[in-house]
Structure formats: structure tokens, C-alpha cells
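# Coordinate inspection notes
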Amino acid sequence: MDWEAVLADLESTFEAERRAELAAHSAELAEAEAASIALSDRLRGAVGSRVRLTTRSGHGVHGLLVRCEQAFALVREDEGAQVLVPMGAVASVQGLPGPAPALAGRRRVTLGSALRELARQGARLRLVLTGGEVMGRPVRVGADYVDVVVEGGGGGRPRRVTVALAAVEVVRSR
């Protein structure tokens with residue numbers, strides 16, 4: 001019996017099994033990594049590109065993706081309007097490259113914090129909702145709502161409308 005040939009054959013078999021195991025493990029890791037990538041990460045990879053977002057109710061927003069956070073995407077439309085789209089309202093996206101690198105340790109800007117800043121600035125907004133829209137100035141932003149003062153309400157006086165943030169699909173401003 002040729003022990004050298006037997007041992008070489010065993011080493012070759014073990015090496016082939018190790019490579020197959022490594023390939024299977026790599027595929028599992030790649031799948032697990034892909035499963036951990038959020039839509040906001042994919043959108044962050046498209047900052048500076050033209051995208052087309054469609055909301056749950058079918059409202060289309062298309063233009064230059066200016067910024068993307070975990071909670072929202074900011075798009076500058078061709079007409080010059082800046083549009084804030086909550087990530088929870090996004091149904092589909094066209095024009096996405098691969099994911100952007102993770103943002104470790106960075107504080108995330110939320111829809112609420114963005115609306116609070118717009119309220120401090122006295123901005124006039126158009127909130128496109130799942131079932132309509134509200135135009136006015138945000139005056140108070142809570143954990144899950146925004147109070148908007150709407151001009152020209154009943155009797156020509158301003159009125160306050162409270163909008164659930166979960167119903168907001170698009171925040172449009174000039």
C-alpha cells in the first residue's frame with residue numbers, strides 16, 4: 001500500500017470539503033448581510049442621483065435625491081420644490097444603486113425633528129396624506145403628530161389641524 005498516495009488523497013478530500021463548507025458559509029453570510037440592509041441604506045447610496053419614489057397611495061415624487069435618513073428621504077423636484085418623504089410611506093423606488101456604507105454612531109434625524117425645525121423657521125408646508133392633504137404652518141410637533149395652522153378656515157379665520165405623522169406621505173415646501 002502506498003501511504004503517501006492515501007494520505008495525499010485524504011488531504012485532497014478534506015481540502016475539497018473545507019472549500020465547500022467555506023463557500024456555503026460565505027453564501028449564508030452574504031444573504032444575512034443583504035437581509036440587514038434597509039431601504040433607507042439603499043436610498044442613501046443613491047444620494048446625488050435621480051430617483052422616482054411612489055408612496056403607498058400612489059403619489060409619485062421624482063427628482064434629485066438630496067439626502068436620506070433612516071426616517072425620510074429628501075428630494076428636490078425639477079420645479080424646485082423640496083419634498084420630504086417618510087420612509088414608512090414609500091411603496092417603491094426606481095433608480096437605486098447598491099447600498100451605502102452604514103452610519104455607525106451618527107445621530108439620526110427623524111421626521112419629527114425635521115418638522116420641528118420647519119416649525120421654528122415658520123415654513124409653509126403642504127402635507128400630502130394617505131387620504132388628502134393639509135396646507136399651512138406647523139406649530140407643534142409631538143411624538144406621533146403635527147399641529148398645522150391652516151389659513152382661510154371656517155369664517156376666514158385660521159384653524160388648527162392635528163395630523164398623525166403615520167398618515168404623512170409627502171412633505172412639500174418651496
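Before any of the text, the structure's been laid out above.
Let me sum up the structure you'll find in this document.

Rules of the game
Residues numbered from 1 in each chain as written. Predicted model: local features only at pLDDT ≥ 70, side-chain atom pairs only at ≥ 80, totals over all residues. Heavy atoms only, no water. Core = buried A, V, L, I, M, F, W, Y, C linked by side-chain atoms within 4.5 Å. Buried < 20%, exposed > 50% of the residue type's maximum accessible area, 1.4 Å probe, protein only. Helix = DSSP H or I, 4+ residues; strand = E, 2+ residues; numbered from the N terminus. Contact = heavy atoms within 4.5 Å. Arc of directions from axis to C-beta. Polar contact = N/O pair within 3.5 Å; in protein donor to acceptor, adjacent residues only side chain to side chain. Salt bridge = Lys/Arg side-chain N within 4 Å of Asp/Glu carboxyl O.

By size, the foremost hydrophobic cluster in this structure holds 21 residues, and its most contacted members are Leu115, Leu127, Val146, Val163 and Val171. Elements with a minimum of two residues in this core: strand E3 (72-77), helix H3 (111-120), strand E6 (125-129), strand E7 (132-141), strand E8 (145-150), strand E9 (159-164) and strand E10 (168-173). With residues near it in sequence (within four places) discarded, Val146 still touches Leu115, Leu127, Pro138, Arg140, Val141, Val161, Thr162, Val163 and Leu165.

So, on to H3. All of the buried residues along H3 are Leu111, Gly112, Ala114, Leu115 and Leu118. Along the axis of H3, the buried residues cluster in a sector spanning 160 degrees; they form a single face. Against E3, strand E4 (82-86), E6, E7, E8 and E10 lie the buried residues of H3. Following H3 by one or two positions, Gly122 has its phi on the positive side, about 70 degrees.

The topology assignment puts Pro158 in the loop between E8 and E9. In this structure Pro158 touches Val149, Val150 and Glu151, once residues within four positions along its chain are discounted.

With that out of the way, let us pick up the side chain of Asp41. Here Asp41 shows up in helix H2 (residues 39-44). At a separation of 2.9 Å, a polar atom in the side chain of Asp41 contacts the side chain of Arg44.

Before going further, it helps to spend a moment on the pattern of salt bridges. Throughout the structure, instances matching the rule amount to 9 salt bridges. With a shortest N-O distance of 2.9 Å, Asp41 and Arg44 are connected by a salt bridge. Here Arg44 and Asp41 lie together in helix H2, a separation of 3 residues that amounts to about one turn. The class for Arg44 is buried, based on a relative accessible area of 13%. Among the ionic pairs, Glu169 bridges to Arg56, the shortest N-O distance being 3.8 Å. Highlighted residues: Glu169 in strand E10 and Arg56 in the loop between strand E1 (50-55) and strand E2 (60-68), separated in sequence by 113 residues. The exposure class assigned to Glu169 is buried, which follows from its relative accessible area of 0%.

So, about the side chain of Glu169. At 2.6 Å, the side chain of Glu169 and the side chain of Thr55 are in polar contact. Ignoring anything within four residues of it in the chain, the contact list for Glu169 reads Thr55, Arg56, Ser57, His59, Leu84, Val85, Pro86, Ala89, Val128, Leu129 and Thr130.

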